[in-house]
Amino acid sequence: MKIDDISAFVAVVRNQSVSAAAEALGLTQSAITRRVQNLEHALGVELLDRSVKPPKPSAMGRQVFDQCGKVLQEVDRLRSLVQADHAPTGLFRIGVIQTIGDVVLLDTLKKLNRAFEGLHTEVSSGWGSQLVERVANAEIDAAVALFPATKVLPEGLTGRALGRIELVVVAQKDSMQKRSYKLRDIFGTGWVLNPDGCGFRAGLARALAEQGLSFKINLETFGTDLQLGLAANGVGLGLMPRPILERSRHRSQLDIVNVSDFKPVLDIWLVQPLQPGPVQHAIDFFAEAVQHAFAESPLKIVAR
């Protein structure tokens, strides 16, 4: 049996077609077919039911598929053992939510390029839950996102908290002059937030729903700078990580609204596979850069 033949069979089952498996592995369909046949010949059993289209794993094929996944995991561990002390080379795929990326990406990518000359870094953006799913599907190597401390990760992934970050409600300067408010006092003002899918927005929606309050969106748009600018112009209330606010060019035009019954705090998570392979050094480097960038904020995150 050859590892390449095992990989081809696993790819066919996971992608549910020979053509998709070929695309995933960068091979021709005939090469995939030949490798699966090689594995079947080595085992002396048919692994795919070819009477249906696309072919599906037979009863024995499903059992072999489960075992093949474990074999490939062990092969990855062996490679990681050998490569652990070497600087990573090739492609490093990192996912970062925009809120974190706005603070760390420019400087961190420069440092990565200097530290690992043979490494090419690709950055993906998206909601935190989307990035975690991409890590689970091996589409990216790691992700940095904001989640509650109680976040449960999919099987096969591990996460570590790089710190905690406070979210603050912001309003146009001098528009809300009381020293303290409750959600009930301000919910009717309306909000400027990210579109649906944002964790900040979901947390606010839950807090309002728990008090039986309506969720009024004045405007939804991407981009922290744009949201803060709109809030500064009185379009609505904003909800923003405090370090982002403190770095913003709109800071002098905004006030932080003290909402006594809404004090959201989120963890900055680094999510990666249990066995990340040779890019572990790059993942650790990126994680340290995130910690350092937010620790330098005028109002520090709380280390954990």
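Presented here is a report on the structure given in the accompanying data block. On a predicted model such as this, the values are computed, not experimentally measured, just so you know.

Cut-offs and rules
- Residues numbered from 1 in each chain as written.
- Predicted model: local features only at pLDDT ≥ 70, side-chain atom pairs only at ≥ 80, totals over all residues.
- Heavy atoms only, no water.
- Core = buried A, V, L, I, M, F, W, Y, C linked by side-chain atoms within 4.5 Å.
- Buried < 20%, exposed > 50% of the residue type's maximum accessible area, 1.4 Å probe, protein only.
- Helix = DSSP H or I, 4+ residues; strand = E, 2+ residues; numbered from the N terminus.
- Pairing = 2+ DSSP bridges.
- Contact = heavy atoms within 4.5 Å.
- Salt bridge = Lys/Arg side-chain N within 4 Å of Asp/Glu carboxyl O.

In this section: the nonpolar core. With 68 residues, the main nonpolar core has Ile 100, Leu 183, Ile 268, Phe 286 and Val 290 as its most contacted residues. It is strand β6 (residues 157-172) that provides the largest number of residues to this core, a total of eight residues. Counting 19 residues, the second-largest nonpolar core is a separate cluster that includes Phe 9, Val 10, Val 18 and Leu 39.

Moving on, we come to the pairing of strand β5 (residues 142-147). Judged by how many residues are buried, β5 sits mostly within the fold: six of six residues are covered. Alternating residues of β5 divide into Ala 142, Val 144 and Leu 146 and Ala 143, Ala 145 and Phe 147, and every residue in both groups is buried. Pairing of β5 with strand β11 (residues 265-273), which is carried by five bridges, proceeds in the antiparallel orientation. Residue pairing across strands places Val 144 opposite Leu 270, the latter belonging to β11.

Here Thr 121 shows up in strand β4 (residues 119-124). Classification of Thr 121 as buried rests on a relative accessible area of 16%. Excluding anything up to four places from it in sequence, Thr 121 contacts Phe 92, Ile 94, Leu 109 and Leu 112.

We now examine the pattern of salt bridges. Following the criterion strictly, the structure yields eleven salt bridges and no others. Linking Arg 93 and Asp 141 is a salt bridge whose minimum nitrogen-to-oxygen distance equals 3.0 Å. Here Arg 93, found in strand β3 (residues 90-96), pairs with Asp 141, found in the loop between α6 (128-136) and β5; they are 48 residues apart in sequence, far enough to count as distant.

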